[in-house]
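# Coordinates in review
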Amino acid sequence: MPASLAQNASETISDATLAQADLTALSAEYQIYEVVRLEAGQRVYRSHAIAMHGEPKYPANWTHFDYVNPDAPKGGQMTVGSQGTFDSFNAENGRGNPVGAGYESLLESSDDEAFTKYGLIAEWVEWPEDRSWVTFKLRDEARWHDGQPITVEDIIWSYNTLVNDGQPFYRFYFGAVEVVEEVGPRQVRFIFNERDNRELPLIIGQMPVMPKHYWEERDFTTTTLDPPLTSGPYRISAFEPGRYVVRERVEDYWGADLPINVGRHNFNRMRSEFFRDDTVIRTALKAGTLDFRRENQAKAWALDYDIPAVQQGWLRQEEVRHNLPTGMQAFVMNTRRPLFQDARVRRALAFAFDFEWTNSALFFDLYARTSSYFSNSELAASGLPEGEELEILEGHRGQIPDEVFTTPFWVPGTDGSGWPRDNIIQGLELFEEAGWEVRDLQLVNVETGQPMRFEILLVSPAFERIVLPFVRNLTRMGIDARVRLVDQSQYINRLRSFDFDMIVSVMPQSDSPGNEQRDFWSSEAADQPRSRNLAGIKDPVIDALISQVITAPDRESLVARTRALDRVLQWGHYTIPQWHSRSLNLLYWDKFARPETDGLSNNGTAIDRWWYVQAKADELLARERANPEILEAGIEEGSGESGTPGWGTTLLVVAGLGFVVWFLLRGALRRRTA
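The text that follows walks through the structure, step by step, so that each part is easy to find. (Residues numbered from 1 in each chain as written. Predicted model: local features only at pLDDT ≥ 70, side-chain atom pairs only at ≥ 80, totals over all residues. Heavy atoms only, no water.)

### Looking at the overall build of the chain
When helices and strands are tallied, the chain shows 23 helices and 27 strands. Taking all 674 residues of the chain together, 58% fall into the buried category. Pairs at least 24 residues apart make up 73% of the contacts formed inside the chain by residues separated by at least 6 positions. For the chain, the exposed area adds up to about 27,300 Å²; of that, 48% sits on carbon and sulfur atoms. (Helix = DSSP H or I, 4+ residues; strand = E, 2+ residues; numbered from the N terminus. Buried < 20%, exposed > 50% of the residue type's maximum accessible area, 1.4 Å probe, protein only. Contact = heavy atoms within 4.5 Å. Areas by Shrake-Rupley, 256 points an atom, 1.4 Å probe, with all protein chains shown as cover.)

Okay, structure coming up:
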């Protein structure tokens, strides 16, 4: 909303005080948000886009995003690797190990603004000043892949189905919707039970839109390997359960020429190969069976790609900076367990994690320590609170730790030697304050005599080498901590039912936090199975701060309120923060291109705006045929974690070595040229 209008958003006006001539003048002045009428004493705006705060960057006559190449050619194929397996294409009901079908939404975000949505299925969006409702007008040309039009009935059915039978996340995210109704030709309105929640129209625009006529004959609540009917630029054309999925570009895609899609979705086919282990994925990449990988292990990035294909420039290794909040990756303690209900115990455990040694010995000093739930952004709390943030926190003085006002939050650091003696001493002092003491080399509860014992649940063998040094330091404190490695299905089920003591998890964040914070931290979510409140946080202060974040009237208030929430979460010691990176570590074979303006995007880059270059692919294929030993050398030198895989990885590689080498060499000799 324009600043001058935003200042008066809480005031009501009458027909007598704002004549039609004034409406016309406002419409001319503000070309993004057109004032179309008065309703219930408020201005009503209509636009092709809607921003959380301020105005959208791109006007109504825009042609494409600045960070894409509008002339990018269509063609070719990109093959990527995924770890794990899948048994369903219904990702919306929260069951099984799904691969998403690729549903479209009413609105879609831009990547060079904090939080702005542009019309996709919706031609325009309409809302009043207090954002107590939102209306979407569906595009006449929007249709499903079977040719049927996308209707208002589809929108209403999608909402009701997601809230009643979908993932619990949707019940929190869309919980403010009171009424959904058809209000005109191809127009649907959502009425909210909250006012001045600026995010609600945008998050409703994110809702996956599903075809009612397709699902009426099927059971939405079950897993399915029948690719569902969708409406987007790709459809699933081939698959084998647990092994691969091929998505093929829809030649007559209805939205291909929309400004929001120009320069995007350029590959004819997108293929995902599934592997049980990252080691095999890396080997497949080096052999040329895979085209692209985003590397997420620092040691592998530093050592595993010192191979001839990279040295020759065939396989490109590139570090791309981004400006997105990195969220929180951490050890998460389940406060539903009695052991973790004392904040002093949770804080004491943090002294056992030696990040400095971990970063140096395992990560080649490539990472930065995380201390905020909104790290790498202006939303992160630091120093002492001041201004609006301090005013907010003062309202909760006595209900939150005094340190919030007196001490900048800090995470325990070490000298990186691998023997954090001082940290262990400080941790034991905190345990003593909390009623624990060391007896016969065991940390026990003073009152009950019960030893401190808990399990760290993992799903990735690669994380064992990170967690085991942490366990070693816990043992030095007299704590019996054990690592439990389980398969993906068991891990997902245990997370959904909160059946764990401690896990390693990532809590991602956007540059514009809002309703999703309820699912992360609210008291209601703590009791809801399958929610993202893994720590089980139940704190009325945090509930209140979440509400304030959601109702922030402008960007400045959003920043202050988010920092206040961040600070209370920090001093709650619900997690042991780990690390983050401000870069994307990309590897790809030199047969693709991306826009020169890619850097304008906040997210660094995204493959939906890359394209296939036939000339480069032909040249690469000729080089590979002339020098097959270079690819073979990449396979021979591929050793997973730089020669130090975990025991699970080692067994897998040894057991399947013959098949893997045969499969990858075959792929190398028949490189795809589409």
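### Some words on the packing of helix H19 (residues 540-550) against helix H20 (residues 555-572)
Their axes nearest at 9 Å, the elements H19 and H20 cross at an angle of 160°. Of the possible angle classes, the one that applies to H19 and H20 is roughly antiparallel. By crossing handedness, the relation of H19 to H20 is classed as left-handed. Where H19 abuts H20, its residues Ile542, Leu545, Ile546, Gln548 and Val549 lie against Leu558, Arg561, Thr562, Ala564, Leu565, Val568 and Leu569. Residue classes in the contact of H19 with H20 are distributed as nine nonpolar, two polar and one charged. (Axes fitted to C-alpha atoms, helices over the stretch in contact; angles between N-to-C directions. Parallel < 35°, antiparallel > 145°, perpendicular 65-115°, else oblique. Left-handed = near helix turned anticlockwise from the far one by under 90°. Nonpolar A, V, L, I, M, F, W, Y, C, P; charged D, E, K, R; others polar.)

### A closer look at the pairing of strand E19 (residues 442-445)
Two strands pair when backbone bridges link them, and strand E18 (residues 436-439) and E19 are joined in this way by four bridges, in the antiparallel orientation. Directly across from Arg439, in E19, lies its bridge partner Gln442. Counted between consecutive antiparallel strands, the loop separating E18 from E19 contains two residues, among which Asp440 sits at a positive phi close to 50°. (Pairing = 2+ DSSP bridges.)

### Brief notes about the packing of aromatic side chains
For the structure shown, the criterion picks out 39 aromatic pairs. Look at Phe89 and Phe239: their rings are 4.9 Å apart centre to centre, the planes differ by 85°, and that puts the pair in the edge-to-face class. Of the two residues, Phe89 sits in the loop between strand E4 (77-83) and strand E5 (107-109) while Phe239 sits in strand E11 (residues 234-240), which places them 150 residues apart along the sequence. The class of Phe239 is partly exposed, set by a relative accessible area of 26%. The interplanar angle of 65° and the centroid separation of 5.8 Å between the aromatic rings of Tyr253 and Trp254 together place this pair among those described as edge-to-face. Given the relative accessible area of 8%, Tyr253 is considered buried. A network of ring pairs unites the aromatic residues Phe136, Tyr159, Phe169, Tyr170, Tyr173, Phe174 and Phe190 as a single cluster. (Phe/Tyr/Trp six-rings, centres within 6.5 Å; stacked < 30°, edge-to-face > 60°.)

### Here we look at the sheet that holds strand E2 (residues 42-47)
The six strands lie next to each other as E1-E2-E7-E8-E10-E9, forming an open sheet whose pairing is antiparallel. In this open sheet, the two strands that pair with only one neighbour each are strand E1 (34-39) and strand E9 (177-184). Sheet twist, expressed as the average angle between the axes of neighbouring strands with direction ignored, equals 20°. Note that strand E7 (residues 122-128) and strand E8 (residues 133-138) share four bridges and pair antiparallel. Looking across to E8, one finds that Val125 is bridged to Phe136.

### Things to note about the nonpolar core
Ranked by size, the top nonpolar core spans 61 residues in total, and within it Leu106, Phe136, Phe174 and Phe190 carry the most contacts. Among the elements that make up this core, the one with the highest residue count is helix H3 (residues 152-165) (six residues). Not counting residues within four places of it along the chain, the set of residues in contact with Phe174 comprises Tyr159, Leu162, Val163, Ile203, Ile204 and Met207. Among the nonpolar cores identified, the runner-up in size contains 41 residues, and Phe405, Leu545, Ala552 and Leu565 belong to it. (Core = buried A, V, L, I, M, F, W, Y, C linked by side-chain atoms within 4.5 Å.)

### Some points on the environment of Pro325
Relative to the helices and strands, Pro325 resides in the loop between strand E15 (315-321) and strand E16 (328-333). As a C-alpha pair, Pro325 and Ser375 span 50 residues in sequence and 5.6 Å in three-dimensional space. Sequence-distant contacts of Pro325, defined by excluding residues within four places in its chain, comprise Ser375, Asn376, Ser377, Gln509, Ser510 and Asp511.

### Some details on the sheet that holds E5
Overall, antiparallel pairing links the three strands, which are arranged E3-E6-E5 in an open sheet. For this open sheet the edge positions go to strand E3 (49-51) and E5, each flanked by a neighbour on one side alone. Within the sheet, the average angular offset between the axes of one strand and its neighbour, ignoring direction, is 25°.

### Topic: helix H12 (residues 387-394)
Within H12, burial applies to Glu389, Ile392 and Leu393. Viewed end-on, H12 has its buried residues packed into an arc of 95°, placing them on one side of the element. Where the residues of H12 are buried, they touch helix H13 (403-406), H19 and H20. (Arc of directions from axis to C-beta.)

### Observations regarding the packing of helix H10 (residues 343-350) against helix H14 (residues 421-433)
It is at 8 Å that the axes of H10 and H14 come closest, and there the two elements cross at 170°. Our classification of the angle between H10 and H14 gives roughly antiparallel. Crossing hand, H10 versus H14: left-handed. The residues of H14 that touch H10, namely those facing Arg344, Val345, Arg347, Ala348 and Leu349, are Gly427, Leu430, Phe431 and Glu433. Considered class by class, the residues forming the contact of H10 with H14 number five nonpolar, one polar and three charged.

Purely geometric numbers; function is a separate question.
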